[in-house]
Structures are given as structure tokens and as C-alpha cells.
Protein chains: 4
Amino acid sequence: MQALADEKVFKCPIHSFIRVTDKLIWELIEAPEFQRLRRIKQLGGTHIVYPTAEHSRFSHSLGVYFIARRMIDVLNKQGTRFTDSERMLILCAALLHDLGHGPFSHSFETVLNIDHEDFTRRILLEHTQINHLLEGYQTGFSQEVSDVIAKKHPNRLIVSLISSEIDADRLDYLLRDSYFTGTPYGEIDLERILRTMRVVNGKIAFKHSGMHAIEDYLFSRYQMYWQVYLHDCSLSFNFLIQSLLTRVKKLLTDGYAFNCDMRLFHELFATTDININTYLRFDDGVITTFAGFFLEESDATLRDLASKFLNRGLLKEFDYEPQENSPQLYEQLASAMEMANIDTVSYLFNFNHEQSTYDHYGLDCESIDILTADGISREISTVSNIIQGIVNAPKKKSTIFLALDHVKASANKEQLEKALEALIGRSVHV
Amino acid sequence: MQALADEKVFKCPIHSFIRVTDKLIWELIEAPEFQRLRRIKQLGGTHIVYPTAEHSRFSHSLGVYFIARRMIDVLNKQGTRFTDSERMLILCAALLHDLGHGPFSHSFETVLNIDHEDFTRRILLEHTQINHLLEGYQTGFSQEVSDVIAKKHPNRLIVSLISSEIDADRLDYLLRDSYFTGTPYGEIDLERILRTMRVVNGKIAFKHSGMHAIEDYLFSRYQMYWQVYLHDCSLSFNFLIQSLLTRVKKLLTDGYAFNCDMRLFHELFATTDININTYLRFDDGVITTFAGFFLEESDATLRDLASKFLNRGLLKEFDYEPQENSPQLYEQLASAMEMANIDTVSYLFNFNHEQSTYDHYGLDCESIDILTADGISREISTVSNIIQGIVNAPKKKSTIFLALDHVKASANKEQLEKALEALIGRSVHV
Amino acid sequence: MQALADEKVFKCPIHSFIRVTDKLIWELIEAPEFQRLRRIKQLGGTHIVYPTAEHSRFSHSLGVYFIARRMIDVLNKQGTRFTDSERMLILCAALLHDLGHGPFSHSFETVLNIDHEDFTRRILLEHTQINHLLEGYQTGFSQEVSDVIAKKHPNRLIVSLISSEIDADRLDYLLRDSYFTGTPYGEIDLERILRTMRVVNGKIAFKHSGMHAIEDYLFSRYQMYWQVYLHDCSLSFNFLIQSLLTRVKKLLTDGYAFNCDMRLFHELFATTDININTYLRFDDGVITTFAGFFLEESDATLRDLASKFLNRGLLKEFDYEPQENSPQLYEQLASAMEMANIDTVSYLFNFNHEQSTYDHYGLDCESIDILTADGISREISTVSNIIQGIVNAPKKKSTIFLALDHVKASANKEQLEKALEALIGRSVHV
Amino acid sequence: MQALADEKVFKCPIHSFIRVTDKLIWELIEAPEFQRLRRIKQLGGTHIVYPTAEHSRFSHSLGVYFIARRMIDVLNKQGTRFTDSERMLILCAALLHDLGHGPFSHSFETVLNIDHEDFTRRILLEHTQINHLLEGYQTGFSQEVSDVIAKKHPNRLIVSLISSEIDADRLDYLLRDSYFTGTPYGEIDLERILRTMRVVNGKIAFKHSGMHAIEDYLFSRYQMYWQVYLHDCSLSFNFLIQSLLTRVKKLLTDGYAFNCDMRLFHELFATTDININTYLRFDDGVITTFAGFFLEESDATLRDLASKFLNRGLLKEFDYEPQENSPQLYEQLASAMEMANIDTVSYLFNFNHEQSTYDHYGLDCESIDILTADGISREISTVSNIIQGIVNAPKKKSTIFLALDHVKASANKEQLEKALEALIGRSVHV
């Protein structure tokens, strides 16, 4: 493992100084595929509601690397030694875990029917600068990094540092998203969480003296979900992007004659064979730049969606309490809109979501364990009364999002209002 | 209501600037009975475990005044107007609510069998500078202030601003104790809590958009209780003070001939008729100064307790899981100690405590209400799934505190160890 | 002046909550020309060195509005009443002062030979949504706002709130840039600065009790300039953008056949008559998107510059102490590079800069005055010994920036090294 | 060097966690002489003006230990290795440097005509628990620690870590006093200062990349001096304490018959031979407790001063511009007060002070050196233009403090006013 002649340092408001001492890490950061993350916002469209949430996946990835590095130091001090190559595996997986994200990731993936994890894998394994660097470090290393990120690596301890209920990724993004949105709720006690980390039977557990910090972490996560990630305006803006990209895809598929040059979009939106280099060209700026072009296209829906996207013309949200006949009432609203010539693919969405604050029965993630005085690791909800209290209390949200301007401008306005009122169970005046 | 010619300002790390514009408020702050609060630590002996928890009841009282003032402004803006005299009543009650606290208050009250609230009332109503100022403002005003603090005032809204599940007092102390201990857990979103306060049917409720901030507040309170207020070392130090003061009381009652001049203590500790001016002479410095004198007294227990108090000779804690026979086992431990000539009044304590994070059935405090979209106030646990989860999950603590040095030095050491092990259910090596 | 039915609020990590109560302000914020500022970074390319400096001119503009609003409140409380229309004039000028900025503003203006202030004026006065809203408020109002921003308005007090040595703009950007870069040096005592603001003879002065806060502000500004705004990497990246845009302009003027569709760029880069709507289409994303296209153009210099721009291929800096013959030595270095076929327009820059921490003789900005005990306003350097000390101590910087990879790859490498060494006065090994 | 079985940790709002791993350090902290520092406020009477400045010398001393420990780590990483015993010497000197401080130290020393540094030395070298522990570590070690603190140790590098223009003591107190007063001015960039520390020719120098952080440190120090340490109210309160203690001393010397038991005070105030154990009995609480007793003594001046001390009856300050005849005018004011039967020893003070922000010619402290690109250490004012600007700009303060209530109540009031006006050069209305 080669060290840098001079340590490199990034200033970070969350972690003070992020140091890079390994040559490989520095070269990975300087690779074009990693620099691209500077041009993709961590929180997609959340800046629509929290104006300062403009931070990128680039600085988040550095933060995950930093926390992974600290975890290695803590565990090392506690007697869990990693080999040089295991250490580098952890650091690379931490740094590169978000490589495959596209712009406004959730909507982008929904419309293109892709998964950013596939693209992370492809960037690691195909003909890229990142792959070149990883293989230069050690033959087969890119596959190892990919396996850790995909949770398929046999070393479960290493996997759990990158992906578990309390991993380097989540610890960084809670702190970071809290700082950049300005909401105080994501502040967690990183120092204590790290200080109380132990390895027990090959699995992470936290000393009992850190249990309160873990409770606090779970509570912060709950708060950030409901106040930031699932904020009505964030969701609304995501649906808008989804509408815009869906429209673009439809027009490309239909052979619509764009005025602007759509060669770049064609491969992703109208073929099934996506070249990794084309994929890597997409970032937030490409979407906003083309939205600018779309303002001058002849298709009225495309123009309208591009304008709403660029100028914050949000869909309006209406919360409702789901009833047995809600699905039918929703269909009736959709039909009424279609009859009024409002494109429901673009302008109507039904959001139904249920989320647990902490669920140790989850398939994906390992549970959080507390190391009790008798030296045994126990799943936290069996030890903490407050976690026990919330583990079975999922929170639900049912919300209709629609383009209110189109409803207002419709000749069938009253009928649409009635259909909406029937669904949400209260009167509205659009 | 007279205004000050020049506004006075206190710099405050929590609230930035605390302004005083009313002449009465300024004069109350300058009164000797209020200045005395500078000499009483807000958290008693908590600095034993959190070394920087050295802040006084003086600055806390200013903070409560500040928050009450902001509450008045918010409610006023929302249409709930207070008269000049109601406004002053709120501010005075907020400022003066802690006036009757003695040094290391909890232990002091336990030993003297008094209640600081009685002394707050007496300082307000008897012949003091505070009383003189309040009566100078308006005849009968001191009684009104006293009634608000004692929760007996007919204006329930005003009472609830000062004393309820979420009042100016608690909001300040969570923020303040968090700042001065350095624990991040007490940070609450004061701005949002204040911004979403409303009056509904004469009772405080919080807009639904503030519900997450209230959840966060309740969670912070839970964390501060278990990490700070009920920290083993804090409890241990409190028991130590209690032992010391109990010994002093016993010696005074027994007519022990002190070398130092105990006139000041005699009235409080050995009579039932306490003059308010004598009471006001007691502060943290008096206790530590006399502990210094006690180091040279002939009574060995007094000397030992004074030395432990001054030099952090903490009692040692042993957590245990209560069983049916725990009371008997505790008695057996106590008997064994007495037989070994260890004074259990001074050196053995059994702490059993159960505490809810939030209990809306409490007798003392009003529940917390959320104003839902339909304009109705609802008790928060019926609206928030996470509060519902924790409302019935009280946390319990059972701990033995004892003077380990005396056990170690005892000829019966092994026997004492066995009695302790029987109670706590695990082996110890003292 | 129309008020909003419901106050709007932006969460802000700097100012907690930024409230909007005026309908006009809200509508201006929602206008496309203002929403465009979301897509222009406040600090251009500074995120190249401070990765989290990704905040936009949008959130900064809201912050300037917020500070201006607080200034109005403070001055109003001190007896300087503004009419409704003056108040709105201040708020609009504060909010809209940055409207004309292009992407990576400094380089953009240099290459296009334009001034963003002209474009701010044009956006205010020509056929835009912003103009429509301002004129809807009051005929001629757009001209008034433009005059305040251009410092030509007869009301000098209002001008000074927006543009002076210590104005709403600078107060916000120091705090904001400090927060988002993570450097502690820009933290200033906004509360005290605002609290001590007074109007004396129609001009802003600060009470003597605020003088230390002003000293601190000037010192913070000094620090932010030299640590952030004039950081070598920021400067280097700016020169890179300048090179890229200059190359684009030259190719467009030369009639080079681009593979990508350059209609959008043509008007700005190759004509003298720029339509305001075309100008408004430019943002950071447009530049990065086209840099992506340029990677596939046939012009090698364009490809190289685009790649360096996207992937952080910075020019390397060499500080030097200017000597009498430095200009000739610089020319010799440039000649040597040209002879080695390295395009000095793209790859060589000479930066010479001198800057005072505070200069009250500046033509553009008013001095900072302190209100002394005798009621007279005095320029701060005559009152503060520390400001007197630094007022005549400008700091200088002379630095060469060049593309080291081209030097390294050159057959004339040694000769180029020598020419560089002659200029900077020390040996280098490229 | 013995390590603790379990590392001990102090929570600290400034440094997050302060770890103790050495058995000796832990035992020194637990020694009575060190625990006493809990009962002495770091800033004496500054809480009179900044109410939350209630932190003790105990937590400050832990902070100095922490910073010294970090300095050792940094220098070690840079190649300056300390032996185990040198390391322990640095840590002990850092931890124990303030051991000899009395309550309200400056006034206490002035009245008793003692120097706290003598007492630090005596506590280290005489028959104390601290001495016992240090000698137990290594014979002669207490003398070594004393020599480092007294700046007499031959290892100048070690001395400079504890006492120089930028040492562990100052770094901690600026951060700490800033945090606890709530003034933002003392915030310094500790991370960068530590990171850029180097040893050059056996002397500390800072890398050029840390120069801005040093400039900021010097500026913060300037601000803290003038805004906190030399705040009028702090000074006024110090003079009050001085008056009170001077009166006590005079009465003790005069043989005045106190009602309260003054045995403790007698040795310190009325003999020249002070036993170290008696000295160690004095803390803030002893002074406030006896002030409480003094309220009931028959001497009117003593009663008045005690009441002023306990209840914030500050002397009033009057700034003036010194003239040639100021000394005579001061004498005339003093004479007028004496003639009006106002005790000038108790009630009149003349404060004349001049202070440089940074003075590298100081005898006591070493200069601050910057390591420039050529590998040479240079005194900072020859490298930094802003420090050059302020190095010769000392700030001056001339202020009269007097008991305004006595002037007001005097029959000679008008005459006293005139004498005061003559001195300060402007009219006053007492």
C-alpha cells in the first residue's frame, strides 16, 4: 500500500478535516467518475423546500470514507486488526458506494427502470478509470469492492461497516443533511457511537454506555425521514421530475421531432443497451440544461413540465386517511381528470407509504446489538425500553399530489373538486 | 408599568441577548434574594461527573424569563392579548420561580424536611426586597406571583406557561444543561416550538407542523434525565451530601461541641422555626466552607464525610434487577454493615426509581396538545405514533450506593461482599 | 402594500427562519429570473478546494433580504422611520441585487467583456416577470430598485444599507461562506452589529459599544479573502474556466464546426447584441453540460480544457516576489512556452493583486463610522487603534499559474523550467 | 509509567472528550489540592457582567492538559520524540500550572501581597498529596514540574508548550472563556494551529499554511482582553473585592473584635508566615460565606463593602483621556472625597493600562515564529502584514472607579462632581 508523499486534506464543516494518506484513495477521488459526483446533489430536489440543501454526493462520499476510517481506528484499538488489504477494501467501498447514482436519483431510476446499484457495480467493473485504479492496486480488487457494496462479500463485518442499520453511510448523511438543511434533528453523537463500537463474535455491537447515543441516532433518523426526506415539497418535486422524464421518454419513443439535439438522451431513454460512458454523462446540470431547451419545444405538456421543474411550479399535496374505498375513489378522480383532458400520467400521483423507525426484522440490514454487562450482545429493542416502545409503531402517510393550476383552469373544475373531496374526506376550494 | 430609560442586556450563550426593558424586572434582578441565586448551582453536584456543569440558578432564571417573554410575544401576535399586569405577572413568575432553592437542593430539602416551594412563597410574601418591589408595583401582586408559581392562580393559561409538561422552565433548562454539560442530547428546536404555540379554548396547543419538534423535546428530556440528572455519579454525590447534612443535623441535635462556630446552622438544622433571612444565607459556598471546617472536628464520621464531599470520595454504585426478595436481601446487607460497625445512615443507600418519558395522566402537569388540521386540540399520544409507543414504557433503575472504602477496610469484608452479591445477583471483588 | 394571507418561511442554517410576509417579495422569489439563482453557485468554483462550498446565489439573496429586514426593524426602533414604499425599496434591492450574475461570474464576465451589474439592471427594467411585478407594485419602481443597486439613488441611507463597507450583502456572505466552507474565520457578531446601528445625520454609524464587533468584521473579511476567495485553487480554477470560455469564443468566431448544437452559445459568444432571455438561460449546469459535449469535439485544446474543467485538472501555482525585471522574465517564460507549442492564452496566467483590509478612501464605498460618547460620528480608523494599524497595510500576491502537464510533456522541458525558475527565483522540478 | 486499567474520560463542551490514560494523571486529578480548583472560578468576578462565566479553574486545567497532550501527539508525528518522563513532565506541568491560585485571584494577591506562582511552587514542593504523587513517580520530579511552570527548566521546548505567546494555557482559556461567556470573539482554529506546529532548532514554529490561524488567534486574544477580561464591570468588581479584603486585613491588623470566628483569616491576613494548608482552605465559597457574616459586623464600611460585593453594588466607571495634569486632578478628587468623609482606600480607584495585542519584545514570553517556504523560522510580524500593522499599536485605558452612592449621599456632592468633571473632562450628573 503506497502512501502519499504529502497527506491531502479536505476541509469539512461536519468532520473538521478529512485526511487522505493513501495514494490509491487520492487517485480514486481524482478520477472523472468520482469527480462527477460533485455535479449530483445528495438530496435531489430537497433544496426546493430547504434552500440550502445543495450539497453533493461528492462531499458525502468523502464523509463516509472519513467515518469508515475512524471505525477502523476504533476497532483496531479494541483489538480487531484488519490487514492492509481489508483496510483498503473498507475505505474504497465507503468512498465509492454512491458512484452509480444518477441525477435526481429516485425519479431517474423509476422512469428509466434502472437501479443505481447496478451502475455502481458497472462503474467498478467495466472499463473505467476507477476500475483501472482498483485493479492496479490488486487484481480482482474491483470485484471485492463491488461485493462489499452489494452486501455479497463473505466478510460480514466489513459489509456491516458499509451497510447496516447503523453504518458509515447513514452516520454521515444524517449529520450532513442536518447541517445543510439547517434542521437540528439529525445531530447525532458520532463520537460516542464510535467510541462504544466493539466486535463481538464477528459482529458489531455497542457498549451499554453507548446505548443512549444509539437511541438518539434512531430518533434522529426518524425525524430526518419525516421532516426532510419525506417532506411534501420534496415528494412533490420528485413527482414533477418523474413526470418530466416520463414525458421525454414517451416523446423519444414516439419519434417526436425535438428542436434541440437529443442524441445524448436517446441512448438512455429509448434503447435498452446503455453504455456506461453515456450514463456517466448524466448529472443534475444536464437535466436542468435540457429542461431549458424543452421550454422552446412544441409539445405543450413538455413545455409545461419543464417550466414547472425550473421555476418551482409544484404539484399540490392533499393528505388523506385511507379508507376501504380509497382505491376506487382515486380511480374516479383519475377518470374525472382524464375526461377533463388533464394528463394523469404527468399531473396526478398517489403516495402511500409506511415506515418503521427501526425494524430489526428487516431482510436487508442487520439489527443493532447492545453489549450488556454480562458480555452478551442483545438486539437493542430487548434492552432499551424506548426502542421497544417504537419498534412496532410504523408511521404512515397517504397523500395525493396534483397540478392544481390545471384543475383551476378546467371547465370541469367543480366536478374535479368533488372527486378530490370524496377521496380526501374534506372540502377544498381550489 | 415603568420602562427603563436604557434597556439592559445580558449576554447569554443560549439565547444570545436577554433584554430587560421593565424597571420592575431589573430591580427584582438586582435584589439580594435574586443575586443569591448566583451562588447556587443549577445542577447541584452534577459537576462531579460533568465538570463544566457549573452554571447557576441565576442565569437559568434569566433564561426562563426570556422564554416567557418570547411566549408572550408569540401569543400576542396570534391574537391572545395579555393586559400589562398579566404580562408582568408571567414575567415575574418566570423570573422568580426558583427563588426558594437551597444549596444542593434535593439533599438539603430531604435532610431538613422542607420544600423549596414553601420558601419561594415565603420570599415572595414575607419581609424581603422582592416582596417590597412586587407590592410597590401593585398591591397584592406578590400573592398573585406566588399563586402562579404554586399553580393555584385561576388563570390556567398563565400557570401553564410557567408549569406544564412543556413550559418556559423546562425549555430553558434542557437547552442550558445540555450546553453546560456538553452533552448534545438536550438540544431542542426552541424556535419551532415557540412559533407553533397557539391558544385553543384557553389552553396551549401546538400546531401540527410543530409536532415533530415536540416529539424531539420529549425525547431530549428522556435523554437528559438518564444521562445527566440520574447519572450514577450525580446520585452518588447527592447521597454523600445527604449523609453529610444528616450527620451535621444529628450532631447539632445531640449537642455535640463543634470547634467551629455553628450559630448559622443551628437555626436551620436544630429548630423548627426557620427565619427567612437565615434561610437566605445558605448557598453552595456556605456548605463547602463549613465542610472545610468539619475536616478538623473530632467526630470521625463527620470528618470522613466532609473529606469525601470536598474531594470526590464517591459512594460506589451497584445496579441490580429487583426481585421479590430484594427488600429482605437489602436488609441483610444493611445488618451486615451495621454489625461491621459501618454507619448505614451515612454509607448505604438504595435507589429505586421509575420514570415515564411522558405521562399525560400525571396529576401535576397538563398534557401536551396538538392542534390538528380540523381545528381540534388532541393530546399528543393520540396523534403521534412515536409518542404513543413510548407513553407506556417507563424506565426503571435500582441501584445500591455504598462506601466501598469502609467495606474494604472491614474485618468482615468477605461477609459484606457476599451480602452485596446476594442482592445484586453477581460476583464482586471490592 | 399587500400582505400574504399566510406568512412564508424558509429554513436557513445561518438565520434560523427567513420569513416573508409581503406578497410582492414572495412573488419576486417565485419569478423564473430569481429561481434561476438556484442554479448559480455563490462562490463559482471554490468547491474545487472547499468541497462543501456548493451554496447558491438563491439562498444568499434570501439572506441579504433577511438582514435588510432586520436593519429596517433596528433603525425603525431607533426612530428612523421608513415609508412603506421605502421599506419595500430596501427589501427589493436587497433581494434582487445579484440577479444579473452569470455562471462562474468573474471568468464569464471577463471573457464576454460584460458586467453583471448591467444585466441586473436589464433584468429589472426590460420585459421580465421581475419587471412586471415591480411595476405592478408602483409605476417606476423597477427604476428605483435599479438605482439603489447601482448606488445612484438620491436616498444615500438606503443605498448604504445595500452597498457600503458594511452592508447587508457583505454581512450575509461572510457568515454564509464561512458556514458552507467550514472555515471558522468568517463568523461575525451580526447581533451586536445590528444592535448598535444608528443613523447620524442621514448616515449609518455604529455605537461605540459595537466597535469591537466591527473590528472583528473587518478582520473576518480579511481572513475570508485570503483563505477562501483568493485561495490558489480557486484562482487556478477560475483561470481554467476563463481559458475554456475563451477557447469556445475563439472557435465560434473562427467558424469552427462544432459537433454539438451551439445555437445557445452563439448569441452570447459571437454577437454583440445579447437578448436578456438568452442571457438568463445561462447557469452553472449549462457550462458543465456543454463541457461534457466538448469532450467529444475535434479541437484538442477545447477537449483538454473541458476535461481539466470537469475533472479538476488544475493549473499549478508558483508564488513569486515581484522584482523590477519580473515583467521581462514573464515575457521570456511566455515566449519559451509559445516556442514549445504551448498555448499561453489557455495555459499561462500571471496574477498580481494588492488588497487592503479596509480602505476608507475607496471611491465606491462609504467609510465605516463610529458614534463616540460625545455624539459625533468618526471614521473608525481614527478611533480604533487596531484598525489604524492595519488601514495602511495592504497585502500583496504575485503568482504564476500554468499547465504543468504540458510543460512536463514538452521536449523543451528543461528550458521551460529555467525560464520559470528565473521568474520565481527558486528551483523547481516539474 | 503506569497506565490505567480503564481509560477515564471527562466530557467537555470545548474538547468533546478529555481522556486520561496515565495512572499518575488520574491520581493528581483526584488529589484534594486539585479538586479545590473546582471551587475557584476561572474568571473571578466576570460572571457579574457575563452571567454564565461561572466555569472553574478545574475544568480549565483539564483542558490545558488535553491540549498539551495533543501537542505531544502532533510533535511526535512530526519526528520530535519525547521520552516517557518528558511526556509526563509536560502533562503534569500543564495540568498543575494553576494550582496556586486563590479565590478572585488578582485582588486576593494584591491585598495579601503574594504571588500565586509562589503558592503553585509550594503546593508542588511542600508536604501535599500532589508532592507525594509526583515524588512517587520519580524522585525530584516535583522540582522538575515546578521548574517548567516557573519557566526555569533547561528544556526550553517543554517550557514553551506551557508558557509562551501561544501555549496550551492560552489556547484553552480563549476557547473556554469564549464558550462560557457566550462572546463569539474567542473562537480560534485550534485544529489548524496544532496541525501546523513544528519544532525548528529546538523551538516551536508554525508552518506558513497556519499563519492565518495565528493571526486570528492574536486578534481573538485582543478581543477577549478588551471585551471580557478588561470589561469595566469586571474591573469594578475586582476593585470591590480588593476594597473588601483590604478592609478585612486592616480590621484584623487593628485588632477589631469580629463577631464571627475569624481564625481562618487571621493567619493569611495578619501574619507573614502562611501555612500551605491554610492557604489551600481559601476558595470562592469562603470569601462569599464570610462576606455573609460581615453583613452583621458593626464596622459600617465592612458591612457596606460586603453588601456591595454580595449584591452587585458596583463602583461606577468614568473613562478619561489622560492629560499632563491628570495626576494632580486625581489627587484633588481624592482629597475632596476624603474631606467629604468618603474612604478613598475603599471607594476610589484609578485604572491606567496599556496593552499590546502582540509584543515580541516581551521579556517573559517567546515570540511566535512562522516557518517560511525556505525552511527558515521568522518572527511573525516580519511575515504577516496585518500583524506588522498592529504590533506597534498598543491600546490604552484610563478609568476612574468610585462609589457613586456615597458621592450622591454626600453633603459635598456638588464639589465632588466638579472635581470628577475636572479630571474626566466632561460634565456628569451623579
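Higher on the page you've got the structure.
On a predicted model such as this, the values are computed, not experimentally measured, just so you know.

## Side note on unusual backbone geometry
Okay, step 1: Residue Phe104(C) is not a glycine yet carries a positive backbone phi of 45°.
Okay, step 2: Within the secondary structure layout, Phe104(C) lies in the loop between α4 (84-96) and α5 (105-112).
Okay, step 3: In this structure, Asn201(D) takes a positive phi of about 50° despite not being glycine.
Okay, step 4: Tracing the backbone shows Asn201(D) in the loop between β3 (197-200) and β4 (203-207).

## What to know about the nonpolar core
Okay, step 1: Ranked by internal contacts, the top residues of the largest apolar core, which has 626 residues, are Leu96(B), Leu96(C) and Leu96(D).
Okay, step 2: Each residue touching Leu96(B), except ones within four places of it in the same chain, is listed here: Leu28(B), Phe34(B), Thr120(B), Leu124(B), Ile130(B), Leu134(B), Val145(B) and Ile149(B).

## Quick look at the interface of chain C and chain A
How large an interface is tends to be reported as the accessible area lost when its parts come together.
Okay, step 1: On the side of chain A, 43 residues touch chain C, which itself brings 43 residues to the contact.
Okay, step 2: Taking both partners together, chain C and chain A bury about 3,700 Å²; carbon and sulfur atoms supply 52% of that area.
Okay, step 3: On the chain C side of the contact with chain A, Lys11(C), Arg38(C) and Glu54(C) bury the most area, a combined 17% of that side's loss.
Okay, step 4: Scanning the region where chain C abuts chain A turns up four salt bridges.
Okay, step 5: Arg281(C) serves as the salt-bridge partner of Glu296(A), at 3.0 Å between the closest nitrogen and oxygen.
Okay, step 6: Applying the counting rule to chain C against chain A returns 20 residue pairs in polar contact (both at pLDDT 80 or more).
Okay, step 7: If you list the elements that add at least two residues to the side of chain C that touches chain A, you get β1 (3-12), α1 (23-30), α2 (32-35), α3 (57-77), α10 (168-181), α14 (263-270) and α16 (284-294) of chain C.
Okay, step 8: A total of seven residues in the side of chain C that touches chain A trace back to one element, the largest contributor, which is α16(C).
Okay, step 9: Across the side of chain C that touches chain A, the residue classes tally to 17 nonpolar, 15 polar and 11 charged.

## Here we look at the relation of the copies chain D and chain B
Okay, step 1: Mapping chain D onto chain B calls for a rotation angle of 180° and an axial translation of 0.0 Å; the resulting RMSD is 0.0 Å. Here the symmetry operator amounts to a two-fold rotation axis. Taking C-alpha positions as the reference, the residue of chain D nearest the rotation axis is Gly285(D), at 1.8 Å.
Okay, step 2: By residue overlap, the copies meet face to face through one surface: 100% of the interface positions of chain D are interface positions in chain B.

## A look at the relation of the copies chain C and chain A
Okay, step 1: With an RMSD of 0.0 Å, the operation that places chain C on chain A is a rotation of 180° combined with a shift of 0.0 Å along the axis.
Okay, step 2: Both copies contact each other with a shared surface, as 100% of the interface residues of chain C are interface residues in chain A too.

## With respect to the interface of chain D and chain B
Okay, step 1: With 43 residues of chain D at the contact, the number on the chain B side is 43 residues.
Okay, step 2: Together, Lys11(D), Arg38(D) and Glu54(D) form the three largest contributors to the area buried by chain D at its contact with chain B, with a combined 17%.
Okay, step 3: In this assembly, chain D and chain B are joined by four salt bridges.
Okay, step 4: Summed over the shared surface of chain D and chain B, the result is 20 residue pairs in polar contact (both at pLDDT 80 or more).
Okay, step 5: Sorting the residues of the side of chain D that touches chain B by element identifies β1 (3-12), α1 (23-30), α2 (32-35), α3 (57-77), α10 (168-181), α14 (263-270) and α16 (284-294) of chain D as the ones contributing at least two each.
Okay, step 6: Across the side of chain D that touches chain B, the residue classes break down as 17 nonpolar, 15 polar and 11 charged.

## A look at α3(D)
Residue and element names in this part refer to chain D.
Okay, step 1: Look at α3: 30 Å from first C-alpha to last across 21 residues, which is about the 30 Å you get at 1.5 Å a residue.
Okay, step 2: When you tally the buried positions in α3, you get 17 out of 21 residues, the bulk of the element.
Okay, step 3: Once α3 ends, the next one or two residues include Gly79, with phi positive near 110°.

## Brief notes about the sheet that holds β4(D)
Residues and elements named next belong to chain D.
Okay, step 1: Taking strand neighbours across the sheet as the criterion, the four strands line up as β3-β4-β7-β8 in an open arrangement whose pairing is mixed. Only two strands of the sheet have a single partner each, and these edge strands are β3 and β8 (377-379). Direction aside, the axes of adjacent strands within the sheet are offset by 45° on average.
Okay, step 2: Of the strands in this sheet, β3 and β4 touch α3, which is tilted by about 60° from β3.

## Regarding the sheet that holds strand β9 (residues 395-402) of chain B
Residues and elements named next belong to chain B.
Okay, step 1: Here we have three strands laid out as an open sheet, ordered β5-β9-β6, and antiparallel in their pairing. Taken across any chain shown, the strands that pair with only one partner, and hence form the sheet edges, are β5 (316-319) and β6 (348-355). Each adjacent strand pair in this sheet contributes to an overall mean axis angle of 25°, direction not counted.
Okay, step 2: Of the strand pairs in this sheet, β5 and β9 are connected by four bridges, and their pairing is antiparallel. The residue of β9 that forms the bridge with Glu317 is Phe401.

## Quick notes on the packing of helix α10 (residues 168-181) of chain B against helix α12 (residues 211-229) of chain B
Residues and elements named next belong to chain B.
Okay, step 1: Where α10 meets α12, the closest approach of the two axes is 11 Å, and the angle between their N-to-C directions is 50°. In terms of their interaxial angle, α10 and α12 are classed as oblique. In this structure, the crossing between α10 and α12 has a hand that is left-handed. Of the residues in α12, those in contact with Arg170, Leu171, Tyr173, Leu174, Asp177, Ser178 and Thr181 of α10 are Tyr217, Arg221, Met224, Tyr225, Val228 and Tyr229.

The rules we used
Here the residue numbering is sequential within each chain, running from 1 through the sequence in written order. In the order they appear in the text, chains get letters beginning with A and ligands get numbers beginning with 1. This being a predicted model, a pLDDT of at least 70 is required before a residue's local features are given, and a value of 80 or more before pairs of side-chain atoms are given or counted; all residues contribute to the totals for chains, interfaces and linings. Excluding hydrogens and water, the side-chain figures rest on all heavy atoms present in the structure. Only runs of H or I of at least four residues qualify as helices and only runs of E of at least two qualify as strands under DSSP, and these elements are numbered from the N terminus. For this analysis, a nonpolar core means a set of buried residues of the types Ala, Val, Leu, Ile, Met, Phe, Trp, Tyr and Cys, connected via side-chain atoms within 4.5 Å. Using a 1.4 Å probe on the protein chains alone, a residue whose accessible area is under 20% of its type maximum counts as buried, one over 50% counts as exposed, and one in between counts as partly exposed. By the convention used here, residues are in contact when the closest approach between their heavy atoms is within 4.5 Å. Here the quantity called buried area is the total loss of accessible area, with a 1.4 Å probe, experienced by two parts when brought into contact, counted for both. One side-chain nitrogen of Lys or Arg within 4 Å of one carboxyl oxygen of Asp or Glu is enough to make a salt bridge. Each polar contact in these results corresponds to two N or O atoms within 3.5 Å; when the atoms are within protein, one needs to be able to donate a hydrogen and the other to accept it, and residues that are neighboring in sequence are counted only if both atoms are side-chain atoms. Here the nonpolar group is Ala, Val, Leu, Ile, Met, Phe, Trp, Tyr, Cys and Pro; Asp, Glu, Lys and Arg are the charged ones; every other residue, Gly included, is treated as polar. The least-squares superposition of copies is restricted to C-alpha atoms, and to residues with a pLDDT of at least 70 in both copies. Every helix has an expected span of 1.5 Å times one less than the residues it contains. Two strands pair under a simple rule: DSSP has to find at least two bridges between them. Every angle, taken between N-to-C directions, lies between 0 and 180 degrees, and every axis is a line fitted to C-alpha atoms, over only the stretch in contact when it is a helix. For classification purposes, angles smaller than 35 degrees are called roughly parallel, those larger than 145 roughly antiparallel, those between 65 and 115 roughly perpendicular, and all remaining angles oblique. Crossings are sorted by hand: turned counterclockwise from the far helix by less than a right angle, the near helix makes the crossing left-handed, and turned clockwise it makes it right-handed.

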